[in-house]
Structure formats: C-alpha cells, structure tokens
Amino acid sequence: MQKIVSLCKRRGFVFQSSEIYGGLKSAYDYGPMGVELKRNIIHEWWRAMVHSREDIVGLDASIMMHPEVWRASGHLASFSDPLVDCKVCGERFRADKAPRAEPGSEAIITLSDKGKAKLALEKVAKTIGVELAREGKTLRGAHASDRGYVCSNCGSPFLSEERQFNMMFRTNLGPVDPIGRAVEEVMALIERSPAASPETAAELKTLLARAVTDSAVYLRPETAQAMFVNFMNIVQSNQMSVPFGIAQTGKSFRNEITVEHFIFRSCEFEQMEMEYFVPPGEGPKWMEYWKSERVRWWKAIGLRPENLRLRAHEPDELAHYSDGCYDVEYKFPWGWDELEGIASRTDYDLTAHTKGSGKKLSYFDPEATDPETGKKGWRYVPHVVEPAAGATRGMLAVLCDAFDDSEPSEEGKPQRIVLRLRPRIAPIKCAVLPLVKKDGMPEAGRKIVEEFLAAGINSSYDEQHAIGKRYARHDEVGTPYCLTVDGQTKEDGTVTIRDRDTRAQQRIPVKAALEVVIEALRKG
C-alpha cells in the first residue's frame, strides 16, 4: 500500500486534500491521472449498465433531498454505528469492526513506545483500579470482558460504553441561522427558569434540537433513495416495464468513525448504484443473474479472477431492508474487503416511501394475472435487487491489481514500476515522444497528437527528459503505447511504437499506429 500511495502522489493520481494547510483527514483530491482513471471506470460501468442495455435508464439526482426521505427510509433512526472509546489510548472506533477476543482471555495491550506504556500503566491503575505488569511497550494482566472485543489500536479491554453515532452529515437550507436561533431559545429559557433543574435541562435539549432540525437537510449517504422516490416519474415518463432498472453514479457522504486504507473508506466517496425492479417472487432469480454479471464486469475491466470472490452475508450482517446480500470482495493488500454489495431489498423502500409520502409507488401490469383474484391485470409493489459498487474503491482495486514492480531492476537503474491497466481505463492511451527537441520533431509530434485527439483518443505530448525516463514515466501511469518521433518520421511518416507490457518496439506509419491503438481500445 505504501508503494501505491507513493505512486499516486508522485504521478498525480491522488493528493491529500488541503495539503498545504496540513491536510484534512479522509479527504482526497484526484489529480490529472486520478480523475481520468476514475472517470474511465465510471464510464465503463455506465456503458455496461445503461448504454449496452434497453432495460436500464439513468438518473442524476440532487445530493440534498427532503429530510422526510431519510426519515421514511430509516436512515435518521438507524443509519448509525456503535461508537466506543478506549480508556487507555483514547482511540475511537466502531465496536462492530473491533478485533474479537474470547471473554476472559488475556488481552495484551501494546503501545507505540515504552514511555507511553509507562503512562498507560499508571493511568489504568489510577482511573480503572487494575494493576498490570509492563514489559517494554506492552502491558500484561488485562482480560477481555464479556463484550468479546478489544481496542482496535492498542488491544485494551478497558472501553467506554457503546453509543450510537449517526453517520449522516447535516447542514441547513434557507436564510436561517440555527445557532442564532438556538441562542435566542436558550436566553428565553433562562429568563423563564433561572434555576437549573432536570426539567430545565430536558426543555433546553428539546429547544436546541428544534432550533437545529427545523431547517436541517442532509448530504445523501447513498444514491439509492433518489431512485426510489423517482420511481413513478421514470415509469410514467419513459414507459418502463418491469423488470427494469434505474442507474446512478455520484458522490455520497458518510461521517465515518473510522477512515482507513487510503481512499478505501473515506467520508466523501463516489458510488455506482443500480436499482433493478422486479415482480414479487422473482428476486432470487435476478439476484443470481446480477451476482454473475457483476463479477464478470470486474474481471472485464482487468481485475484478476484469483483476487475476486463472492461472500454471502450472515443473518446478523444483513441491513434492516434486506433478506439476502452478497459482497463482491477484492483481495486488497490488507486482506479481503468489500468492493460491491448486491442486495435483495424486497419491497421495503417503495413501501416505506409510499407510507412516508402518501403517494402510491406501485406498478400495474395489464397482461399479468393477479395471484389473489386470478384475474388479468395485476397491481403490485415491485421488489428490488441492488448492485451497489464503490467507484473510489474500484479505482483503488484497479491500482492494486495493475501495480507491478516484480521485474528485476537493471544494474545502476531504479526499479521498474508498471501499471498494467486495460487500455480503455488507462488515463492516457498514447504518448507521443520526440527523440529530441529540434529538427522539426516537436512539430511532427504535436501534429500526431492532434490526429489522435481528433479521433477521440486521449493522448499526451511529452518532450521533457531523456527518452528512457519518459518511457518509465508513462509505464508508471499505465500508458499502453508510446510513439517515438525521430528524423525518419519527417521523411516517410513512420514512428516507433512501443508496447508498455512487452516493451517491444516496431516501426510503422502513423496511420497504422492510430489503428493499433483504436483496436486495443476496442478489445478493452
């Protein structure tokens, strides 16, 4: 991971957001190479989901929605994680993601150095009343509690009580100052009840909550809900027949307790989600279809089969709306982790929004037989199968899979690093490199770039540094082909085309080089 993170910074894939101010935790900016790679992945998903099918249409919905959407969907009440603080190191983490420990088993506490271990030993004795033994930077003598987990940072079993933490970002809409209104409410309460009491505290909490929530809206934690609330709009405006799908890509926001593994888990991320609406009873059939289809797609964009697997959710893992779910998992450097979820959401969402809005979200099939009446014509609430993938996670998986530094380095030369990206998702498809910056070679090179750009191929002109360094630079950003322009180019219109993966070079006309790149893009 350190090598990949370093490459991302060095070659302009990903930067730490606000870096000159010290950065902002869990916020990243996608540089010239990163934005191209991410957009290409999203484009390939859209091409497979929408442009290659007749039964799926697209949607681009607002990030902010009516707050009642989130109340009806259950997000305001249940979109939360169990938050725990470690009493030894101060780490804050999710209880459901913490390392498991058998109750009563020894819990070895490990600090970063001996000094911190010594302070922790004194802290545990003084504040918790437990005497431990120190061995260098580890503390022994503690035992796991009945909770069955320990601190994710130091391994301590001495933890705070669990409390629920809602992960939605809240903001306010309209010409309202919620802080100013809250101050006014507090001042009015003080005038009415100058003496503090439990009743006063309860009233204060109610007033503050009302002042903040009256104008509150939320940044969406997922793109899915907009597709449910627009169900009837899309059915009626596009004459869609069940089964059909609605696809959407875009940013979502979650105030994650634990952000980790670079861009894998962050507070702002991009999703590629599709809601597929099917008749009641057909969910299992379409679940099997989409499981197979989604794994096939990840392989098609270049992920190796041995690094992909499907994992069924255990009953205690299922979301409140789901009766079945599978994760497409990728073998990241830290182990297997979720790349995409494929969930059976039943009729939960459409039913919830029907109840919340008072508007019927149902479908009438005039040709189907109603199973209750036996008559032709059936009105029902469709069930939903949802393949939901992470675009940013997908980009990280692609980088991990394509990264190759296995070739032995030549004596006196740096280690060769190659991103073996599929041509269609590579940020730059072809680089044009003049051998030297004179004798008409730059002009010839720029003319070739113009031809490639006119053909819709993202190409780059590069004349800085020696030709070997330029080859290495484009290997690192995954450019499939490099065209070298030399003195002969001006004479006969030929260039030397170099293949990134094999490093084989061939002398061919410029037109033939264009055809080679077009054919590579056609194949993927």
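The coordinates are above.
In short, a report on the structure. (Residues numbered from 1 in each chain as written. Predicted model: local features only at pLDDT ≥ 70, side-chain atom pairs only at ≥ 80, totals over all residues. Heavy atoms only, no water.)

### Describing the sheet that holds strand 10 (residues 163-166)
Part 1 of the reasoning: Strands sit in the order 6-5-10 across an open sheet of three strands; the sheet is antiparallel. In the strand order of this sheet, the two ends are held by strand 6 (92-94) and strand 10, each with one partner. Adjacent strand axes in the sheet meet at a mean angle of 45° when their direction is disregarded.
Part 2 of the reasoning: Bridge analysis of strand 5 (residues 80-85) against strand 6 gives three bridges, and the strand direction is antiparallel. Residue pairing in the sheet places aspartate 85 in a bridge with arginine 92 of strand 6. (Pairing = 2+ DSSP bridges. Helix = DSSP H or I, 4+ residues; strand = E, 2+ residues; numbered from the N terminus. Axes fitted to C-alpha atoms, helices over the stretch in contact; angles between N-to-C directions.)

### Concerning helix 12 (residues 391-402)
Part 1 of the reasoning: The end-to-end C-alpha separation of helix 12 is 16 Å, in line with the 16 Å expected for twelve residues at 1.5 Å each.
Part 2 of the reasoning: Within helix 12, twelve of the twelve residues are buried, which leaves the element mostly enclosed by the surrounding structure.
Part 3 of the reasoning: Every buried residue of helix 12 is accounted for by Ala391, Thr392, Arg393, Gly394, Met395, Leu396, Ala397, Val398, Leu399, Cys400, Asp401 and Ala402. (Expected span 1.5 Å × (residues − 1). Buried < 20%, exposed > 50% of the residue type's maximum accessible area, 1.4 Å probe, protein only.)

### Focus: the side chain of histidine 474
Part 1 of the reasoning: Among the structural elements, histidine 474 can be located in helix 14 (residues 467-477).
Part 2 of the reasoning: Filtering out sequence-adjacent residues up to four positions away, histidine 474 remains in contact with Ile428, Ala431, Leu433, Ser460, Asp462, Thr479 and Cys482. (Contact = heavy atoms within 4.5 Å.)

### Topic: helix 13 (residues 441-454)
Part 1 of the reasoning: End to end, helix 13 covers 20 Å across 14 residues, agreeing with the expected 20 Å (1.5 Å per residue, within 8%).
Part 2 of the reasoning: Restricting attention to buried positions, one finds in helix 13 the residues Met441, Pro442, Gly445, Ile448, Val449 and Phe452. In an axial view of helix 13, the angular spread of the buried residues amounts to 125°, which keeps them on one side of the axis. Set apart from the buried face of helix 13 by more than 90 degrees, the exposed residues are Glu443, Lys447, Glu450 and Ala454.
Part 3 of the reasoning: In this fold, the buried residues of helix 13 make contact with strand 23 (430-434), strand 24 (459-461), strand 25 (481-485), helix 15 (487-492), strand 26 (494-499) and helix 16 (510-523).
Part 4 of the reasoning: Just downstream of helix 13 lies glycine 456, where phi reads positive at about 80°. (Arc of directions from axis to C-beta.)

### Some remarks on the packing of aromatic side chains
Part 1 of the reasoning: All chains considered together, the criterion is met by 17 aromatic pairs.
Part 2 of the reasoning: Centre to centre, the rings of phenylalanine 231 and phenylalanine 277 are 4.8 Å apart; their planes meet at 50°, and the pair counts as tilted. Residue phenylalanine 231 is located in helix 9 (residues 231-238), and its partner phenylalanine 277 is located in strand 14 (residues 268-278); the two are separated by 46 residues in the primary sequence.
Part 3 of the reasoning: Taken together, the ring pairs in this structure connect Phe228, Phe231, Phe244 and Phe277 into an aromatic cluster.
Part 4 of the reasoning: For the cation-ring pair, lysine 291 lies above tyrosine 326, with the distance from its terminal atom to the ring centre recorded as 3.8 Å. (Phe/Tyr/Trp six-rings, centres within 6.5 Å; stacked < 30°, edge-to-face > 60°. Lys NZ or Arg CZ within 6 Å of the ring centre and 35° of its normal.)

### Structural notes on the sheet that holds strand 20 (residues 383-390)
Part 1 of the reasoning: Within the open sheet, the seven strands sit side by side as 3-13-14-20-17-16-15. Their pairing is mixed. On the outer flanks of this sheet lie strand 3 (56-58) and strand 15 (308-312), each paired with one strand and no other. On average, adjacent strands in this sheet sit at an angle of 25° to one another, irrespective of strand direction.
Part 2 of the reasoning: In this structure, strand 14 lies alongside strand 20, joined through six bridges in antiparallel fashion. Bridge pairing in strand 20 links glutamate 273 to alanine 388.

### Some remarks on unusual backbone geometry
What you tend to see is this: most non-glycine residues have negative phi, and most peptide bonds are trans.
Part 1 of the reasoning: Residue proline 243 is bonded to the preceding valine 242 through a cis peptide linkage, with omega at 5°.
Part 2 of the reasoning: As for its position among the elements, proline 243 is in the loop between helix 9 and strand 13 (244-253).
Part 3 of the reasoning: The phi torsion at histidine 465 lies on the positive side, around 75°, for a residue other than glycine.
Part 4 of the reasoning: Classification of histidine 465 as exposed rests on a relative accessible area of 53%.

### What about the nonpolar core?
Part 1 of the reasoning: One finds Phe13, Leu37, Met272, Trp290 and Trp298 to be the most contacted residues of the largest nonpolar core, which totals 53 residues.
Part 2 of the reasoning: Within the residue set of this core, elements represented by two or more residues are helix 1 (2-10), helix 2 (32-51), strand 14, helix 10 (283-300), strand 16 (324-332), strand 17 (335-346), strand 20 and helix 12.
Part 3 of the reasoning: If you look at the next biggest cluster of nonpolar residues, it comprises 31 residues, including Ala226, Phe277, Leu361 and Ala368. (Core = buried A, V, L, I, M, F, W, Y, C linked by side-chain atoms within 4.5 Å.)

### Section: the packing of helix 13 against helix 16
Part 1 of the reasoning: Running from amino to carboxyl end, helix 13 crosses helix 16 at an angle of 40°, the nearest separation of the two axes being 11 Å. Overall, the two elements helix 13 and helix 16 adopt an arrangement that is oblique. In this structure, helix 13 crosses over helix 16, and the sense of that crossing is right-handed. Residues Ile448, Glu451 and Phe452 of helix 13 form the contact with helix 16, whose own contacting residues are Val510, Ala513, Leu514 and Val517. (Parallel < 35°, antiparallel > 145°, perpendicular 65-115°, else oblique. Left-handed = near helix turned anticlockwise from the far one by under 90°.)

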